[in-house]
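Chain residues, written in single-letter form:
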Amino acid sequence: MLSLWALYVVFFDLTHRKIPNFFSFGAIGLGLAYMSITGQVYYYGQPISSAFWGLAVAFLLTIPGYATKTLGGGDVKLLAAIAVLCGVKVVVASFVLASIGVLAGLVIWWHLTPQLMASGWISVSREGRKQRYIPFGAALALAMCVVILFPEMWGMELWHL
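The numbering scheme is per chain: residues are counted from 1 as the chain's sequence reads. In keeping with the model being predicted, local features are shown solely for residues with a pLDDT of at least 70 and side-chain atom pairs are shown and tallied solely at 80 or more, while totals for entire chains, interfaces and linings include all residues. Values reported for side chains reflect all heavy atoms of the structure, with hydrogen atoms and water molecules removed beforehand.

Chemist: Explain the overall build of the chain to me, please; I cannot follow it from the model alone.
Modeler: Each helix and strand in the chain was counted, giving six helices and zero strands. Each helix is a run of DSSP H or I of at least 4 residues and each strand a run of E of at least 2, with the numbering of both proceeding from the N terminus. Counted from the first residue to the last, the chain has its helices and strands arranged as α-α-α-α-α-α. Exposure categories follow from relative accessible area, calculated using a 1.4 Å probe and restricted to protein chains: below 20% of the type maximum is buried, above 50% is exposed, and the middle band is partly exposed. Taken over 161 residues, the chain has a buried fraction of 39%. Note on contacts: a residue pair qualifies if any of its non-hydrogen atoms lie within 4.5 Å across the two residues. Expressed as a percentage of contacts within the chain between residues at least 6 apart in sequence, the contacts between residues at least 24 apart total 74%.

The following block contains the structure:
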């Protein structure tokens, strides 16, 4: 279910450059309901404290980016939803993996831009140019999928968070 939710987030962030509040707040609501019924976090049955530590870490990681307008509000809410659904370990691992992925993508784009311009695939025009945003929410959602589908890669059972 988490991966399916994440794929919807990726689709909307890549196509609309927005993450609808319904996805983030809906996930937060479902996560809180699950915690109130079971007494644990949805992913891996971690204690509820893991979700609240995850929220604190999520805000510490995203609020500076939001304040400097390098992250959107949807990215902040998405990481909060990941915290409520998955806990602090997944928040940290997803943020680190998404950041590395975005940086790698930017480096690749930077190296390919001259070849793409020379071949006519892209052109640079100052007129009518819209500001481009990096869909970090899509990177976060994909990173969360990788982290939850392959937890042994990250050694998360050894983390003492």
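Next comes the rest of the description.
Chemist: Help me understand the state of the cysteines in this model?
Modeler: Linking two cysteines covalently via their sulfur atoms produces the bond known as a disulfide. Here, a disulfide means two cysteine sulfur atoms that sit within 2.5 Å of each other. With the rule as written, the count across this model stands at zero disulfides. Free of any disulfide, Cys-86 has its nearest cysteine sulfur in Cys-145, 9.4 Å distant. Residue Cys-86 is classed as buried on the basis of its relative accessible area, which comes to 0%.

Chemist: Whenever I open this one, a nonpolar patch on the surface confuses me. Can you help?
Modeler: Residues with no salt bridge and a relative accessible area higher than 30% make up the patches, which join like charges within 9 Å and nonpolar side chains (Val, Leu, Ile, Met, Phe, Trp, Tyr) within 5 Å. Method for areas: the Shrake-Rupley scheme with a 1.4 Å probe, in which residue coverage is limited to the protein chains shown. In what follows, salt bridge is the name for a side-chain nitrogen of Lys or Arg lying within 4 Å of a carboxyl oxygen of Asp or Glu. Together, Val-146, Leu-149, Phe-150 and Met-153 line one region of the surface with nonpolar side chains, adding up to about 370 Å² of accessible area. On the basis of relative accessibility, which here comes to 55%, the residue Met-153 falls in the exposed class.

Chemist: Explain the nonpolar core here, please?
Modeler: Throughout this description, the term nonpolar core refers to a set of buried Ala, Val, Leu, Ile, Met, Phe, Trp, Tyr and Cys residues connected via side-chain atoms within 4.5 Å. Ranked by size, the top nonpolar core spans 41 residues in total, and within it Trp-5, Ile-82, Cys-86, Val-90, Phe-136 and Met-144 carry the most contacts. When residues of this core are traced back to their parent elements, those giving at least two are α1 (2-16), α2 (21-38), α3 (48-67), α4 (73-86), α5 (88-119) and α6 (136-149). Discounting chain neighbours no more than four positions away, the residues touching Trp-5 are Phe-23, Ala-27, Leu-78, Ala-81, Ile-82, Leu-85 and Met-144.

Chemist: It is not clear to me how the side chain of Gln-46 should be interpreted in this structure. Could you clarify?
Modeler: The residue Gln-46 is located in the loop between α2 and α3 in this model. For Gln-46, a relative accessible area of 12% puts it in the buried group. A 3.5 Å cut-off defines polar contacts: any pair of N or O atoms within that distance qualifies, except that in protein one atom must be a possible hydrogen donor and the other a possible acceptor, and neighbouring residues in sequence count only when both atoms are side-chain atoms. At a separation of 3.4 Å, a polar atom in the side chain of Gln-46 contacts the main-chain carbonyl oxygen of Tyr-43. Ignoring sequence-local partners within four residues, the contact set of Gln-46 consists of Gln-40, Val-41, Cys-86 and Gly-87.

Chemist: Mind showing me how you'd approach the environment of Ser-49 here?
Modeler: For Ser-49, the location among the structural elements is in helix α3. Among the residues examined, Ser-49 registers a relative accessible area of 40% and is labelled partly exposed.

Chemist: What am I meant to see in the side chain of Asp-13 here?
Modeler: Summarising the element assignment, Asp-13 is placed in helix α1. Under the counting rule used here, the positive set is Lys and Arg, the negative set is Asp and Glu, and His together with the chain ends is not counted. The buried charged residue Asp-13 lacks any salt bridge, with Arg-17 as its nearest oppositely charged partner at 6.0 Å. In terms of polar contacts, Asp-13 uses its side chain to reach the backbone amide nitrogen of Ala-138, at 2.8 Å. Contact partners of Asp-13, with chain neighbours within four places excluded, come to Lys-18, Ile-19, Asp-75, Pro-135, Phe-136, Gly-137 and Ala-138.

Chemist: In this structure, what is going on with α3? I would like to understand it.
Modeler: Think of an α-helix as 3.6 residues a turn; residues three or four steps apart then line up on the same face. A helix's residues, less one, multiplied by 1.5 Å, set its expected span. Here α3 contains 20 residues, and its C-alpha end-to-end distance of 28 Å stays within 8% of the 28 Å for a straight helix at 1.5 Å per residue. Of all the bends in α3, the largest measures some 30° and sits at Leu-61, one to four residues before the proline Pro-64. At the C-terminal side of α3, Lys-69 shows a positive phi close to 65°. One fitted axis covers the seven residues ending at a residue, a second covers the seven starting there, and the bend at that residue is the angle between these axes.

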